[in-house]
Protein chains: 2
Amino acid sequence: MPVITGFDIYDVRFPTSQSADGSDAMNKDADYSAAYIVVRTDDPEMFGCGFTFTIGRGNEICAAAMERRALPLVGRDAQDLCAAPGTTYRELKSDSQLRWLGPDKGVEHLALGAVMNAVWDMAARSAGLPLWKLLVTMTPEQLVDAADLTYLSDALTREEALQILTAMEPTRAERVEELERTGYPCYTTSAGWLGYSDDKLRRLCQEAVDAGYRHIKLKVGGSREDDRRRLAIARDVIGPDANLMIDANQVWDVPEAITRVQELAEFRPLWIEEPTSPDDILGHAAIRQAVHPIGVATGEHGMNRVLFKQLFQSGAIDYCQLDACRLASVNEVLAVQLMAAKFGIPVCPHAGGVGLCELVQHLSIFDYVAVSADLTGRVTEFVDHLHEHFTDPCLVTNGAYVLPAKPGYSAEMLQSSLNEFAFPYGTFWAATPKGKEEQQRLAQRNGAPAVFASVSGGQQR
Amino acid sequence: MPVITGFDIYDVRFPTSQSADGSDAMNKDADYSAAYIVVRTDDPEMFGCGFTFTIGRGNEICAAAMERRALPLVGRDAQDLCAAPGTTYRELKSDSQLRWLGPDKGVEHLALGAVMNAVWDMAARSAGLPLWKLLVTMTPEQLVDAADLTYLSDALTREEALQILTAMEPTRAERVEELERTGYPCYTTSAGWLGYSDDKLRRLCQEAVDAGYRHIKLKVGGSREDDRRRLAIARDVIGPDANLMIDANQVWDVPEAITRVQELAEFRPLWIEEPTSPDDILGHAAIRQAVHPIGVATGEHGMNRVLFKQLFQSGAIDYCQLDACRLASVNEVLAVQLMAAKFGIPVCPHAGGVGLCELVQHLSIFDYVAVSADLTGRVTEFVDHLHEHFTDPCLVTNGAYVLPAKPGYSAEMLQSSLNEFAFPYGTFWAATPKGKEEQQRLAQRNGAPAVFASVSGGQQR
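Residues numbered from 1 in each chain as written. Chains lettered and ligands numbered in written order. Predicted model: local features only at pLDDT ≥ 70, side-chain atom pairs only at ≥ 80, totals over all residues.

(A) Structural detail: the overall build of chain A. Helices and strands together make up the secondary structure of chain A, namely 19 helices and 13 strands. Compactness check: chain A gives a C-alpha radius of gyration of 21 Å against a globular reference of 23 Å for 461 residues, within 12% of the reference. Each of the three principal axes of chain A carries a C-alpha extent, and together these read 65 × 55 × 40 Å. Put simply, chain A has 461 residues, and 61% of those count as buried. Considering only intrachain contacts with a sequence separation of at least 6, the fraction spanning at least 24 residues in chain A is 75%. (Helix = DSSP H or I, 4+ residues; strand = E, 2+ residues; numbered from the N terminus. Rg over C-alpha atoms; globule rule 2.2 N^0.38 Å. Buried ≥ 20, exposed ≤ 12 C-beta atoms within 10 Å, placed from the backbone. Contact = placed C-beta atoms within 7 Å.)

Rendered as structure tokens:
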């Protein structure tokens, strides 16, 4: 059996702030980044890749936290870890000293998710299956064992979770067949970043319509006039029947959110996304009541399953936009998907960033096949950038994700991309003022190489 | 005017796991730790000390995050930063890339709090006043400008905050005089750690009664039998009239918490503390309703002001146990104190750990003098350990904190303690297996000295 011999962690950053890709009312200069880990075994064919997504500074903090989270894997039997991903997750999570720094939130939780993403990638590679298919082969009991149901029993018991999965099990194959024909429906945010000019907005909206999208999302939350002008352009291009979503990226207080959204009602948005603080369950419930029939959506900053539990319990949202990296990997995603199914809330995962599309396609396919069996109101985000850095990039045609076919969680980045964009020593950053400044800062402490942290050890066979 | 020339950050850990001090149902082997920063200026008399409290592993992650948070201070005018602590806070907090890693929670938020604690310490030193007295000299407008009211307007407007402070302003001096006579009431947790034997529990309860305490807190959440036996011992020693509080440190789900607390009702606990996940607002509300007249308390893991807002809005708690380091320093504490006053919830800050008692005494004194003007139901935690590492340790007599008199936030640690307990190179740790193992790990990367990070720069006068 292969043994985990160590891991490499990379602080990878892409200079997206140069083109205003990803700009919104809260995040004006994001450098889309990934704190990325490759878990190695003594079998060169068996490894696992995982990451968390950040927007620049602080990516190195996540990388440091991932190192600490991954240390207990070294020296362990890889098959054991992959065969019982729930046990592996609970063991990594059980460090009570690290728990103090959350619990279940912020940097430590992102780090746990990144490391477990690598474990799930390794599990899928080891099974020779894309992750969604590995999940589809698991029994209801295995899936519930993998899920993190801690603190959820007042909303979802283990028995209820089993019932949901068991009821859908006999018809899984039909839905796999259906999705292999149709793909999983998605929408695009590529058109609507706040930093884009009106002309660029109009052109990109038209391109999205031409590419078959029926859902288009725009960033709002700048000035009132800008919001109205941009929504008018988008509605003009996409026509009265297509779906237009808006996203404020948390810039408003609750009363302000209500007023600002009501002012945009004439453009008939399908949903307002992140109208206020992502932690404000009661605030989202109040906004939802006030802006009906406009829906309320949130989740990309939904910190953990306990937050989602309360969003469901209080009727605060119409759409659950869980994030593959904000939650602690598949283990916590499963719990949220199961709760969403019980409460009848469609899951429309957040994506974009670096590699989030690659991950969430697996989660959405599994959700439809084994949990929800429903596509009503469900679209998964798609943003068309940075896919070229992955060995198994997602593929979207006619507004739908094509089912991934290669083994793994589509999480592996190209070595050439790591060499170029590792911060600050990669070839791209080494030539920039930002990279040079960071190198100077680090040089005061140590001579860190392109690899943020490289740990070796563990018993050899 | 003095200029910030740099800062030193220390990863300080005390080997408390050796004596089971601090042991509870969730945290069995805590090494009480502080990620500690000293902000330096070109005037050797002007500096600021701050820290966040952790329980061991991961303290280095907080230290790394603090370095990133503090970098914008270097080269700045110290008096400017101290004169407008709200502006300083908002500037440090405004880094949208670091915000992504929270927002307002986890490691990044702890780091912001630690750095701002140092700024407030410097502001108080610069004014030649203990922090509580600096706050008491500030006008309602200055205090509201310093407070972080973001996302709170549906519960507390700026005008309401001003009204609360203005109403109490004319009588501040009377309450200062009162507290200078009586001290600020506290309770002790020193007796009730879960790892202590029954004999030790009985002896410590008796000592607490003899020392004048009328409130005693016990850890629960182990086995049913242990909980009942330990509560019986404590009630036997302290008598029927003294207050007995219990603390489950988040080990229960909501339904379990209700059952377990109801089973302990005969011992008449004043409150059940942390019955479940600290993020579960609706869960705390359900527990409170079910276990009445036993009160519900939480807050040491209360991640930010938005969580406390909802705990208040939903009637989820009887006691607000805010933490001086979990919240982002005085700026966010002010907001929570003001909301608590509006909603009529007594604030009984969490303390213990490393240096938390030193900090919260200032916050409680200010709360009574300028915000609540009420001592009903209010006691601040006190745990009698690790005070010997501070230059201005708190002093408790007759169950009350004596008002601190030295300039600053009582946050400065002795250089000798840093030299001994800096992890892993301090003289204590260097001689332990734990310290040697960590040295070996770090040596693979760099030759970090006792100072975790030492940054220099900024313009000289």
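(B) Representation of the nonpolar core in the model. Ranked by size, the top nonpolar core spans 322 residues in total, and within it Ile37(A), Met66(A), Val115(A), Ile37(B), Met66(B) and Val115(B) carry the most contacts. Filtering out sequence-adjacent residues up to four positions away, Ile37(B) remains in contact with Phe7(B), Ile9(B), Gly50(B), Phe51(B), Met66(B), Ala70(B), Ala114(B), Val115(B) and Ala118(B). (Core = buried A, V, L, I, M, F, W, Y, C linked by C-beta atoms within 7 Å.)

(C) Region of interest: the relation of the copies chain B and chain A. Once chain B has been moved 0.0 Å along the axis and rotated by 180°, it coincides with chain A to within an RMSD of 0.0 Å. In symmetry terms, the pair is related by a two-fold rotation axis. Of the C-alpha atoms belonging to chain B, the one lying closest to the rotation axis is found on Gly106(B), 2.1 Å away. (Least-squares fit on C-alpha atoms with pLDDT ≥ 70 in both.)

(D) Representation of unusual backbone geometry in the model. A cis geometry characterises the amide bond from Gly102(A) onward to Pro103(A), with omega recorded as -10°. Locating Pro103(A) in the fold gives a position in the loop between α4 (96–99) and α5 (106–127). With an omega of 10°, the peptide bond between His292(B) and Pro293(B) qualifies as cis. Note on placement: Pro293(B) falls in the loop between α13 (281–291) and β8 (295–298). Despite not being glycine, Asn249(A) shows a phi value in the positive range, around 50°. Structurally, Asn249(A) is set in the loop between β6 (243–247) and α12 (254–263). Overall, Asn249(A) belongs to the buried group, with 21 C-beta atoms counted inside 10 Å. The residue Asp104(B) is not glycine, and still its phi comes out positive at about 60°. Considering the arrangement of structural elements, one finds Asp104(B) in the loop between α4 (96–99) and α5 (106–127).

(E) View of the pairing of strand β2 (residues 33–41) of chain A. All names here are of chain A. Counting buried residues along β2, nine of its nine residues qualify, which places the element largely inside the surrounding structure. Neither face of β2 is left uncovered, since the one carrying Ser33, Ala35, Ile37, Val39 and Thr41 and the one carrying Ala34, Tyr36, Val38 and Arg40 both have all their residues buried. Two strands pair when backbone bridges link them, and strand β1 (residues 4–13) and β2 are joined in this way by nine bridges, in the antiparallel orientation. Residue pairing across strands places tyrosine 10 opposite tyrosine 36, the latter belonging to β2. Pairing analysis gives eight bridges linking β2 to strand β3 (residues 47–54), with the strands arranged antiparallel. Within the sheet, the bridge partner assigned to alanine 35 lies in β3 and is threonine 52. Connecting β2 to the next strand, β3, in antiparallel fashion are five residues. (Pairing = 2+ DSSP bridges.)

(F) Structural view of the domain arrangement of chain A. Residues and elements named next belong to chain A. In terms of domains, chain A is made up of domain 1 (4–128 + 415–456) and domain 2 (162–401). Distance from the C-alpha centre of domain 1 to the C-alpha centre of domain 2: 25 Å. Contacts between the two partners involve 29 residues from domain 1, matched on the other side by 28 residues from domain 2. Those elements that place two or more of their residues in the side of domain 1 that touches domain 2 are β2, β3, α3 (85–93) and α5. (Domains from an automatic or database assignment.)

(G) Structural context of the packing of helix α3 (residues 85–93) of chain B against α5(B). Residue and element names in this part refer to chain B. Contact geometry of α3 with α5 gives a least axis separation of 11 Å together with a crossing angle of 155°. Looking at the two axes, α3 sits roughly antiparallel to α5. Between α3 and α5 lies a crossing whose hand is right-handed. In this structure, α3 contributes Pro85, Thr88, Tyr89, Leu92 and Lys93 to the contact, and α5 contributes Leu112, Val115, Met116, Val119, Trp120 and Ala123. Residue composition of the contact of α3 with α5, by class: nine nonpolar, one polar and one charged. (Axes fitted to C-alpha atoms, helices over the stretch in contact; angles between N-to-C directions. Parallel < 35°, antiparallel > 145°, perpendicular 65-115°, else oblique. Left-handed = near helix turned anticlockwise from the far one by under 90°. Nonpolar A, V, L, I, M, F, W, Y, C, P; charged D, E, K, R; others polar.)

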